[in-house]
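The lines below spell out each chain.
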Amino acid sequence: MKFLVLGTLEVWDGQNRVTLPSTRHQRVLAMLLLTPGAVVPVSKLVEATWDDEPPATATKQIQNCVSALRGRLGDTECQVIATDGRGYRVAVTEDQLDLLCFTRRIATARVLAAAGEPAEAVLEMRSALRLWRGPALDGLGTAALTARARRLDEQRLDALEQCVDWQLALGEHREVADELVELVTEHPLRERPHAQLMLALTRCGRQAEAIEVFHRLRERLAEELGVDPGAEVRELYERVLRGEVDLSPPVSAVREPGSAPAPRPGPAAPEPPRLDRAVQELVMVITRQWTAEAEVRSLNRPEPVPLRWSETRRQVAAVAAAPPYGRSAEDPDRPMPSGGLTDLFARFRQVPARQLVVLGGPGAGKSVLAILFTLGLLADHRPGEPVPVLFSLASWNPHREHIHRWLARMLVQEYPGLANTAVYGRDAATRLVVESRVLPVLDGLDEIPPGLRAAAIDALDRAVAGDRPLVVTCRSEEYELAADQAGAILARAAVVEIEPVALEDAVDFLTARRRVGEERWQPVIDHLRRRPGGALAQSLRTPLMIDLARTAYAHPSTVPAELCDPARFGDRAAIEGHLLDAYLPAVYASWPEPPLRHERPVPARAYDVDHAERWLAFLARHLNRTRTHDLAWWRLDRAVPRPVGGLLLGMPAALLFWITGWLAGGPLIGLVYGLFFAAAGCGVHTLGRRPGPLRVELHFRSTATRFLGRFGIGVVIGVSLGLGWSLSAEMIGLLATVFGVGVGLHVWLATPVDVNRVSSPPLVLRNDRIATWAFTLSFMASLGLFYTVAFAFTREIRFVPVLGGTFDLGLACAAGLASGLLGRFLLGNLGGAAYGLAGTVVGGLIFSRAPSLANALTVGALFGLAGGLTVGLARAWGAFTVVRLWLAARGHIPLHLMRFLDDAHRRGVLRQVGAVYQFRHARLEERLAARCGVPPTTRGRGG
């Protein structure tokens, strides 16, 4: 099945075009295809389907449309259009959707150009442009779809103009001249193609026509916009008049990697500098990232809880930061600045240093405000302004790492494409931070351990002393305590505090999705208005509790009026505890949907409430014990005692080594193999720490040179081992080839092409799984082949035999060195020492060579499998897989943990912060941890 949106919407099943029932069905499908893989709420589908006021049955009609689309697509298992929460998402691959293919080919073309291969870049870009069949989604003109279609059309124009730049740099001015004539006719006010056309015509010897192009552009701009052409176009015009345009541009106009930018042959809009390109792409990708997260968290469903702020009355702001926020001695009655989210944008831009601290109590909405604030700045991003990037501060230790270094590290972790030096240059993330091209929005200063908060505030103040922009959120009491005890404040930052939610705003949010004539919430509303200072009213003063209340009582069968019962809920703590306890049963309840005509059964991913609560409680206890809020899949091994983890990860390979030694040299040799590799593996996995996941992708283009270099290293290793075990020249050649390929293929694991890939738990797991299999299979093949040929064909030459000829010091040193290098590569210095010792003992053992080739092949296969397993379990994904199976067998977590966590994220139980998950709020995490009998530690987190 192929889906086409770059033109009229079309669906093809092989050679047959699939006819869609109506325009309404086409609009629903188009909206889903514009955000492949992301959940599109029904409200967004309604907005895309009807321009005017939607009918009362809009939701039902959308459901019917989806059902009909599944029928036309043959999607009987709901695999293409999946129901996900209260929305739908379409699951398509790059080969199935032309939009994804277009985006990937553009990224590849830009990488080729940056790598000094302009001709290949042009071919790739042209292949991307050929995917277009006309204006995007032509004929589906609702306002919501039209706006998105225009953005796609703009991307096509940008790609075309960039391709023309490359062709002009290659001297292909005749090839692009006619195309540019059509382009300026279609876009008479767009300056860049006019400049390109002037340049192409001049190089074709048609200067008079180039001058006429400029005059027509100037007349149109003056008539329609009242402006003159830009400076670059005017400069090119003057150069044409003076005859100073280079008529034969060198190909070097497209620069080589790492070289200084070469001047363009003309002022046709140059390729943006590498760092500027990183900024531009960050704006787009961060907007997509947090827009998707806001939709998952239902922040705009239908509207977020109104958040209001005012200047804090706490003594935590410096006098220098007071104007225009604070009250002066000359005007003590001046009102405190306050407002909503929109006002906060304006206030932030009025602060001279553009530094802001947002305070609030638990559940006040600080994290929500940080997301909406980031999206608001991105929506109104102005040229020259830094890009807001939102990070959780929980992992920063101010005593160990400067904030700039931490920010650069987090940028690369979150947007790994920034490590691509061919596209963005060296140390792009560091330069973005140091040059103030990013605006850090740091959420959760209170998540840092209490003993580090004052030091963190002081470190931030020193780092932003040069008027670097910054936004920080923190719980009010924690920030005030740090200021009172250590005098730690941000000297140039305005400090505002989120106010409690107004009573009527809470009522509006609770009843926003109430049906006509529904009165379930009326007793609660009456109670709140009669007792504005009562326990229930006090509980519903934070966005967290208001949202929990609406979720807990969302279903028509629930009775919100029970919250007014003083016998059951006599104080605020009882009400809030009840809402926290009722949250998971509400979000995991499987309410039966009403039958729809033509609706097929939806294979929902259902989880039993009791199981879900038990699994989440275990994970909450794990986070509580490890004193972190970040639920990272690669740290799951910390959920088991270290000795148990060491046995789980060290014994499987040790057992295989034991069997290998037994078959090769008898029970005693097997015992030595097993004991020493068990001691090495279990000891390293118990006492050491393995590296984190690799954020890489498979790339084959432009890797030949690096592959040959790595291949040479593998050849040296293979030759050395062959000579050490006295193998024939043919066997040494075979070993050299296999080791060369095994070491060389690792160059195909490269950083992502660009920053458009945002880190997420599934993506990081998938990348590390690729790396793990690559390492495992390459070492398995290399080590297995080596042991086979050494066991079968060694000439049994001894170098330094000792212990009555049962041990050779020469072989022991060679094996120990190889094993130590492998262990250090996998698990650092401790791994190098442990595996080096084991390899020394095992490698020096002397026993007869294989009695037959079949025996050698069997033993070699087992040795390769044991070595590969050692490598695999030393990687993050390998260790995660073993520990996950162990914990699932004990009932602590589900077998398919990542699927469960992704589902919990979509239900709103978890939130995604880069490559990790977090519970939506610390109070929910602490409540779940307490169910396991573990009192929560004193850690804070903003809400």
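Residues numbered from 1 in each chain as written. Predicted model: local features only at pLDDT ≥ 70, side-chain atom pairs only at ≥ 80, totals over all residues. Heavy atoms only, no water.

Per an unreviewed UniProt entry, the protein chain is named BTAD domain-containing putative transcriptional regulator, and its organism is Streptosporangium jomthongense.

J.: Residue-level account of the overall build of the protein chain, with values.
T.: What the protein chain contains, in helices and strands, is 34 helices and 19 strands. Taking all 943 residues of the protein chain together, the buried fraction comes to 53%. Pairs at least 24 apart in sequence give 75% of the contacts found in the protein chain among residues at least 6 apart. Accessible area of the protein chain: about 41100 Å², with a carbon and sulfur share of 56%. (Helix = DSSP H or I, 4+ residues; strand = E, 2+ residues; numbered from the N terminus. Buried < 20%, exposed > 50% of the residue type's maximum accessible area, 1.4 Å probe, protein only. Contact = heavy atoms within 4.5 Å. Areas by Shrake-Rupley, 256 points an atom, 1.4 Å probe, with all protein chains shown as cover.)

J.: Pulling in residues and values, what's your account of the sheet that holds strand S4 (residues 40-41)?
T.: Read across the sheet, three strands follow the order S4-S6-S5 without closing on themselves; strand pairing throughout is antiparallel. The open sheet has two free edges, formed respectively by S4 and strand S5 (81-84), since each of these has just one partner strand. Judged from the two bridges that link them, S4 and strand S6 (residues 87-90) form a sheet pairing that is antiparallel. Residue valine 40 lies in a different strand from S6, and its bridge partner there is tyrosine 88. Strands S4, S5 and S6 of the sheet are contacted by helix H1 (residues 23-34), whose axis makes an angle of about 70° with S6. (Pairing = 2+ DSSP bridges. Axes fitted to C-alpha atoms, helices over the stretch in contact; angles between N-to-C directions.)

J.: So, the packing of helix H31 (residues 853-874) against helix H32 (residues 876-889): which residues are in play, and what are the values?
T.: Contact geometry of H31 with H32 gives a least axis separation of 4 Å together with a crossing angle of 90°. Accordingly, the angle class assigned to the pair H31 and H32 is roughly perpendicular. Residues Gly872, Leu873 and Ala874 of H31 lie in contact with H32, whose contacting residues are Ala876, Gly878, Ala879 and Val882. Of the residues contributing to the contact of H31 with H32, the split by class is five nonpolar, two polar and no charged. (Parallel < 35°, antiparallel > 145°, perpendicular 65-115°, else oblique. Nonpolar A, V, L, I, M, F, W, Y, C, P; charged D, E, K, R; others polar.)

J.: Explain the packing of helix H4 (residues 98-114) against helix H6 (residues 143-169) to me, and be specific about the residues and the numbers.
T.: Two elements in contact, H4 and H6, have axes whose closest approach is 12 Å; the angle formed by their N-to-C orientations is 30°. Comparing the axis directions of H4 and H6 gives the class roughly parallel. In this structure, H4 crosses over H6, and the sense of that crossing is left-handed. Where H4 abuts H6, its residues Leu99, Phe102, Ile106, Ala109, Arg110 and Ala113 lie against Leu152, Gln155, Arg156, Ala159, Gln162 and Trp166. Counted by class, the contact of H4 with H6 contains eight nonpolar, two polar and two charged residues. (Left-handed = near helix turned anticlockwise from the far one by under 90°.)

J.: Tell me about the pattern of salt bridges, and please be specific about residues and values.
T.: Scanning all chains against the criterion turns up 27 salt bridges. Here glutamate 281 and arginine 277 are joined by a salt bridge, their closest N and O atoms 2.8 Å apart. Taken together, the residues glutamate 281 and arginine 277, both in helix H11 (residues 274-296) and four residues apart, mark about one turn of the helix. One exposure class covers both glutamate 281 and arginine 277, and it is buried. Measuring nitrogen to oxygen at the nearest pair gives 2.8 Å for the salt bridge that ties glutamate 576 to arginine 923. Pair noted here: glutamate 576 is in helix H23 (residues 572-587) and arginine 923 is in helix H34 (residues 922-931), with a separation of 347 residues, a long-range link. (Salt bridge = Lys/Arg side-chain N within 4 Å of Asp/Glu carboxyl O.)

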